[in-house]
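Examination of the molecular architecture
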Amino acid sequence: PFAVHLSGTKYGCGVGGCGACTVMLSTYDPIAKKIRHHPANSCLLPISSLHGAAVTTVEGVGSIKNRINPIQERLAKCHGSQCGFCTPGMVMSIYALLRNHVKPSMEQIISALDGNLCRCTGYRPIIDSYASFEQTCCQLRGTGQCCLDQEELGCSSSVVIKLFILTFLKTYKSLSFPPQRIVQEQQRKTLIFCSKRTTWISPSTLKELLELKAKYPKAPLVVGNTSLGLKKNDCDAYHPVILHPLRIPEMQVFSITDDGIVIGAACCLAQLRDILMETIPKLPEEKTKIYQALLQQLRTLAGEQIRSMASLGGHVVSRGSAWDLNPILSAGKSVLNLASDGGKRQIFLNDQFLAGHKHADIEPKEVIVSVLIPYSTKDEFISAFRQADRQKNAFSIVNAGLRVLFSPGTDTIVDLSILYGGIGSTTLSARKSCEKLIGRQWNDQMLSEACKLVLEEISLPPSASGGKVEYRRTLLVSFLFRFYLEVLHGLHQMYPFRYAELSQDKMSALGMLQSGTHSCLQDVDPGQSPQDPVGRPVMHQSGIKHTTGEAVYIDDIRPVDGELSLAVVTSVKAHAKIKSIDISEALQVPGVINVVTAKDVPGKNGNDEEEAFAKDKVICVGQIICAVVAETLTQAKCGAKKVKIAYEDLQPVLTIKDAIKHNSYITKERKLEKGDIEKGFKSADKIIEGELHMGGQEHFYLETNSVLVIPRMEDKEMDVYVSTQHATDVQKLVASALNLQSNKIMCHTKRVGGAFGGKITKPSFFAVIAAVAANKTGRPVRFALERDMDMLITGGRHPFFGKYKVGFMKDGRIMAADFQCYINGGCTKDESELVIEYIVLKVDNAYNIPNLRVRGHACKTNLPSNTAFRGFGFPQAGLFVETCIVAVATKTGLPHEKVREINMYKGVNRTAFKEKFDAENLWKCWKECLVKSDYHSRKTKVEEFNRKNYWKKKGIAIIPMKFSVGFNATYFHQAGALVHIYLDGSVLVTHGGIELGQGIHTKMLQIASRELKIPLSYIHFCETSSTTVPNGKYTAGSVGTEINARAVQDACQILWKRLDPIRRKNPKGKWEDWISEAHKKSISLSATGYFKGYVTDMNWESKKGHAFPYFLYGAACSEVEIDCLTGAHKNIRTDIVMDASFSINPAIDIGQIEGAFIQGVGLYTLEEIYFSPEGEQLTLSPDTYKIPAVCDIPEQFHVYLLPNSCNSIAIYSSKGVGEAGFFLGSSVFFAIRDAVAAARKERGLPLDFTLNSPLTVERIRMACDDIFTKMCCEPWYTTCFQ
Ligand SMILES: Cc1cc2nc3c(=O)[nH]c(=O)nc-3n(C[C@H](O)[C@H](O)[C@H](O)COP(=O)(O)OP(=O)(O)OC[C@H]3O[C@@H](n4cnc5c(N)ncnc54)[C@H](O)[C@@H]3O)c2cc1C
Ligand code: FES
Ligand code: FES
């Protein structure tokens, strides 16, 4: 049958966590006679649930072929896409919002994007592009220019907005709900869908549902499938019968009764939110306390897609430990209306129901029809709290529902409920504690008794699953304290003469931190003459295709004839001998074609350092041992589960400390020395010593590793379509694995859905695995990794451990420093040698330390091999040296910025490895940043705020940066290009660089346009391929664009020169005339261009070198606010000044700076990888590993490019800014540290504390040591933690 192949919707995680798969569902409600539109994560949607629904994918919103929707156009033109993989999901979330609210508020826009992750852009341009649908905004706010008009400036934003709204309304009205679906829904027939294993029944009446439930008591009721659906990848977990109660009117009700609000169990959480928002203003305030608390939880619960799918009934029944509504529903005495074929009954949604006690639970034959959420009363107070790793779209670490009822007009407790989530396997109640407190007055004695009782009753042993034990215990009492104060505040408001007002100190404990609205400024030099695209904010070459979903990634390539799917079997042991591999059961799985192991590799199994298939021994959990190929992916995965491997355990080495103990290193020590360190220490007034630990980081590119291998019919040739930063390595490794010459392997990469260094070395191994499978079976093989597999196998940024000894004077001058740096390289060499070299070379950052010794060690452990990641060691090294600066500032009592200034490089200088550079622009950026951020006056305001607020603190930090661009060997910078001019005058540009989202091709087209003096519309880029430009180096190190640009420039200049005689003869002629004439004169219209590379070298023997082509400078100032009770923080404002010299494309460069900055914020404050004691990574999905989301960006985010700067080394005096912004994310880290220091100072705690990275909610909370942390921790805890 003809398949439509709508590949615009992307698959990023499969568990509802990333939003790449967002579609819009429209369903007809025959009772309300309304069509409901809502966003949904298609990865969790059972196909049978869609009967009667209209599904709009990104293709239905608009396409280049038909008509682009304003949402798509706006996003592309505002530079809201980079790699583009998240973009269709973003479009769909906003599309669904606009279908319901044509003029949404900023809050609605941000909340619509809660469930969509983007790893590239830093979200700012995405918000800005959609902010235009709000009434008051334009992207270039502050400049007076409208971002839509980059080609024709001058139209007012209000006209644009009106036009958009009109076009939008026109576009979507044409896509009305299919009338036949409305008729079908009105007929309300029972629907039954049968597959080989499962029957899906969607009854239309309650009676029928109850009969079915009586017949199939074990059958689940699937509504949103957001709980049950997470097990969909488990091929053994299936249900013979599934009931779908979505069409039952009684389960969709909403009514206001005398007792409270009744809501149908099949209503989704977004409906519940909307109902509450509508109802609350209509009721007396005292009746709405539970509704307000529910609303508060619903604002941060999951993303809009999940809120629109997940049902209230499903939420209540699945009783997840961290589910946010159950504690508050239970505290508020909600009632479940149940029905079965035996009749109706009501039960309380209380702690016993939540604990699953048989007498309090629903029977297998019963269903929840609706939930009664009662009104609150005058003398009742109800609050809900939650704290998660990330403010939104993250499961709570701990949540709580608390309620107290007083005897009328007093503060005597008549009834009390305290329930917590996130502690046990389900919501827990402190029932006994509450009983003991009945009759007590609401005062400090009661609070301290309550804390003691709760900590005794809600047990959390040190080994509790989920870890963070002290933090979770601290949250139990911190929430209790906040509730206590909220109630006191409420009592004062009700009875101002009887109950005192809270002091300012205590008031500061109230209220959770919430992100505000966002604004931004972009100050860019308008650039060249109007005809010349260089220097202009030209839209990403694929921008529109990203937004329409027409941009093709590897897994979007249509299935080819005979194609097989591949799934790998990975090691479950960190270090073991492989005793046997039994594939017999796997071969029995229907559809499985073969199992491929190391024995099937005809040539070399990997490279000199790393095996593609583990042969005799495994050296980490997640190492690939063999691969199962089958007709479908599901069959391949089932087959993989059936492979049995017997191991013989060996002793693993997992941590840096273990590796030091066992002398386990990947390379020799790297060492640099400058000055005389002993003398330096002797001359110092003081010496301090300390340590810093930093966790690693997952790349979390939205497109997981993917490869499609197609064997050709002749000469053993093979096409390899691969998502890589290094096509040459793929070609080399595949050829050597198949025992072929490289000239038989054709590698193709059109674009990559994000890489950040993670697709330099790893894709070659995935390509080898697929190629060996294709070679063995003679059929094409597709291998697209699931998110968990990608995260399990690939490794990421290197965890870091540094020890420092710093000697300094009383005035803050650092005289000497001795640094020992260690990274956890994992089980193979990969890029670890280069990373430790860069750490040693770059650790000085912006500081001139006269006597310096740095030693670097790359540890070999039994973790998945870590690899390149944006910044390549500098983010670790930079944080380390800044930690030393802070330690010196703390000891001397000087302002941090003063100590920075005293020690910063000045004028023309030399690095520790004797490379010369001029620090003038470092100072320019620093001073400009001080001015633009208004640092000094804001610092005063921060101090003022801190004096007034005990439980909330603000912090501010400004960080300078010297970033070395490129590589320390010339050959890394070489690049090639091929430019063809066709007879119609059109030009095809090819080069060795790969489009990772950084806009490399866009810039190449700008360069070709300038060099050939033709409009951009004449020039096209097709794909990066080993057949057109051979031997490309990897696209990385911030220089990918500029070195390939040199090659493109070279080719264009050769062609331009060839056309010289023709042009001279006909100077007024058109380009097309010249080309036609040149062809007639037999002038070749094709040229290769080549760039030999910047001359760089590093001699580790002499410890001297010209290690980097040039330096790039920057500075960033960030301000934050922390909540000392929970550890939450809010990014208030960031100002970045970057010395990008002459930017070829300021929109792209600013996008790179912002995107890198937010990734840096992720590394330093959010992203935490956990391993089991056996070396198995536990954080394998967006559920457990949190990258920054839209809620994490600064409310005000300003990026300025330093004007009047030049760089004689790079093309057109530009600079590579791909990585530099990353480290500036540390300004948020140090701003948080500043806030924590303010809290500690007020509490009389020592200030010479070290905070490790990432600075998560847990670390922040525990560092703000107070009575609550003391109640919960062993005395050793806080010191050892820091
Ligand atoms: C990515 C993601 C993020 C999330 N984030 C959060 C979060 O931040 N906070 C939070 O609280 N929760 C969160 N959740 C969990 C979510 O709230 C629950 O999964 C959801 O409420 C379950 O509802 P459902 O309709 O999807 O249940 P389903 O998966 O359809 O069903 C779950 C179970 O409930 C039973 N059931 C459903 N309806 C009835 C009924 N009427 N009568 C009897 N039994 C019934 C079914 O038999 C089934 O066993 C998240 C989930 C995902 C996937
Ligand atoms: S793929 Fe569906 S949410 Fe990630
Ligand atoms: S553009 Fe959003 S993930 Fe790449």
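Basis of the calculations
- Residues numbered from 1 in each chain as written.
- Chains lettered and ligands numbered in written order.
- Predicted model: local features only at pLDDT ≥ 70, side-chain atom pairs only at ≥ 80, totals over all residues.
- Heavy atoms only, no water.
- UniProt positions renumbered as here; feature names shortened; annotations may be inferred.
- Helix = DSSP H or I, 4+ residues; strand = E, 2+ residues; numbered from the N terminus.
- Expected span 1.5 Å × (residues − 1).
- Buried < 20%, exposed > 50% of the residue type's maximum accessible area, 1.4 Å probe, protein only.
- Core = buried A, V, L, I, M, F, W, Y, C linked by side-chain atoms within 4.5 Å.
- Pairing = 2+ DSSP bridges.
- Axes fitted to C-alpha atoms, helices over the stretch in contact; angles between N-to-C directions.
- Contact = heavy atoms within 4.5 Å.

The name that an unreviewed UniProt entry assigns to the chain is FAD-binding PCMH-type domain-containing protein, with the source organism given as Chrysolophus pictus. You can read under Subunit (unreviewed entry) in the UniProt record for the chain the words "Homodimer."

1. Section: helix α28 (residues 874–892)
End to end, α28 covers 27 Å across 19 residues, agreeing with the expected 27 Å (1.5 Å per residue, within 8%). Burial runs high along α28: 16 of the 19 residues are buried. Where α28 terminates, the next one or two residues include glycine 893, which has phi positive at roughly 75 degrees.

2. Looking at the nonpolar core
Ranked by internal contacts, the top residues of the largest apolar core, which has 266 residues, are Tyr420, Trp442, Val806, Phe819, Trp1071 and Met1138. A per-element tally of this core places helix α17 (residues 469–494) first, with 14 residues. Ile280, Leu301, Ile328 and Leu336 belong to the second-largest nonpolar core, a separate cluster that totals 64 residues.

3. As for the sheet that holds strand β37 (residues 1019–1021)
Adjacent strands of a sheet pair through backbone hydrogen bonds, lying either parallel or antiparallel. Sheet architecture is open: four strands sit in the order β37-β36-β35-β39, paired in mixed fashion. Sheet topology places β37 and β39 (1086–1091) at the edges, where each strand pairs with a single neighbour. For this sheet, the mean angle separating the axes of adjacent strands, direction not counted, is 20 degrees. Pairing analysis gives three bridges linking strand β36 (residues 987–991) to β37, with the strands arranged parallel.

4. Here's the deal with the UniProt feature "binding site: FAD" (unreviewed entry) in the chain
Under the present numbering, the feature "binding site: FAD" (unreviewed entry) in UniProt falls on Leu221, Val222, Val223, Gly224, Asn225, Thr226, Ser227, Leu228, Asp324 and Arg386. The greatest C-alpha distance among the annotated residues, which extend across 166 residues, is 27.9 Å, indicating that they are dispersed rather than converging on a single site. Within the fold, valine 222 resides in the loop between α8 (206–215) and β6 (241–243). The residues contacting valine 222, other than those within four sequence positions of it, are Pro46, Trp200, Leu228, Ile242, Leu243, His244 and Pro245.

5. Remarks on the sheet that holds strand β14 (residues 413–421)
Within the open sheet, the four strands sit side by side as β12-β13-β14-β15. Their pairing is antiparallel. At either end of the open sheet lies a strand with only one pairing partner, and these are β12 (380–388) and β15 (428–429). For strand β13 (residues 396–406) and β14, the ladder comprises eight bridges, and the chain directions are antiparallel. Paired with glycine 401 across the strands is leucine 419, a residue of β14. Across the face of the sheet, helix α10 (residues 289–300) comes into contact with β12 and β13 while running at roughly 10 degrees to β12.

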